[in-house]
Amino acid sequence: MLKKLVFTGLLSLVFSAAQAAEDSNFKHFSVSLNALPSLQNSTDSSVPGESSISDKAYQYQFNVINKPEDFVKGVIGQRLDYYSLRAFAYKQAYKDPDASGTGADGVSSIEGIAFLYGQRYLMADKGYQGFGVGWYAGVAMIKDTWVQKCCGATPTVENKGIPVVAAEVFYKFNATPNIYIEPGVTVAYEQKGTGPVNLIPALIIGGAF
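Let us look at the structure shown here. None of these values were measured; they are calculated from a predicted model. (Residues numbered from 1 in each chain as written. Predicted model: local features only at pLDDT ≥ 70, side-chain atom pairs only at ≥ 80, totals over all residues. Heavy atoms only, no water.)

Another aspect to go through is the pattern of salt bridges. With the rule as written, the count across this model stands at nine salt bridges. Residue Glu-168 pairs with Arg-120 through a salt bridge whose shortest N-O separation is 2.9 Å. Here the residue Glu-168 occupies a position in strand 7 (residues 156-174), and Arg-120 occupies one in strand 5 (residues 104-122), the gap between them amounting to 48 residues. The exposure classification of Glu-168 matches that of Arg-120, with both residues buried. One continuous salt-bridge network, built from bridges that share partners, spans Lys-95, Asp-105 and Lys-149. (Salt bridge = Lys/Arg side-chain N within 4 Å of Asp/Glu carboxyl O. Helix = DSSP H or I, 4+ residues; strand = E, 2+ residues; numbered from the N terminus. Buried < 20%, exposed > 50% of the residue type's maximum accessible area, 1.4 Å probe, protein only.)

Right under this line is the structure:
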């Protein structure tokens, strides 16, 4: 099922790219990175084996963006949708509920690739910059490496597919017609973490073409 979803999404990406090429007045493609990826990391030194968990952190994106549409709703002036292919890694401390409900402290390293579809709502009525909010969802293939306080210092490794659901608040500034800077905060649902949602700050620097 996951392979079918990814395949269908890739076909949609190619189709959207073909449509995007028809309009040369808007930058339909972008590549970007998180300039401060370590902001999403957390750890817990009280967990045996925590030092053996990688603290690498990165986020890279390739996006295909459809031209914004008028969408006047309160302070919102435009809406756009996009497809995104992302590679990411981060380290996190978490509490994983067990059968007793008390939870088990742990530390995990997540590394993977995600294919996403999302929508953004911009407060500006012209031009793709300024304050905005959005959401995205999709699937990710990840490598999850973790240790738990209850279970010894030897890491456990699991490869799996997971759903991705998140909301975001951001401010996009176009430094030049082709270079943009975008500070923002993502609110993501996670099975592992310190709670049902995780706040992830980021400083995105990208190029549009």
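The rest of the description comes next.
Looking now at the side chain of Ser-108. Its location among the elements puts Ser-108 in strand 5. According to the relative accessible area criterion, Ser-108 is buried, its value standing at 0%. A polar contact of 2.5 Å, which involves the side chain of Ser-108, links it to the side chain of Asp-144. (Polar contact = N/O pair within 3.5 Å; in protein donor to acceptor, adjacent residues only side chain to side chain.)

Another point: the pairing of strand 2 (residues 58-65). By the criterion of burial, strand 2 is predominantly enclosed, with six of the eight residues buried. Sheet topology places strand 1 (residues 29-34) next to strand 2; five bridges connect them, and they run antiparallel. The partner of Val-31 across the bridge, within strand 2, is Phe-62. Bridge analysis of strand 2 against strand 4 (residues 76-96) gives eight bridges, and the strand direction is antiparallel. Note on strand 4: the bridge partner recorded for Tyr-58 is Ala-89. (Pairing = 2+ DSSP bridges.)

Let's shift gears to the pairing of strand 4. Counting buried positions over the 21 residues of strand 4 gives 15, a clear majority of the element. In this sheet, strand 4 lies alongside strand 3 (residues 69-73) in antiparallel orientation, the contact comprising three bridges. Counterpart to Glu-69 in the pairing with strand 4 is Arg-79. Where strand 3 hands over to strand 4, the hairpin turn is made up of two residues, of which Gly-74 adopts a positive phi near 65 degrees. Pairing geometry for strand 4 and strand 5, over 19 bridges, is antiparallel. When the bridges of strand 5 are listed, Asp-96 appears paired with Ala-104.

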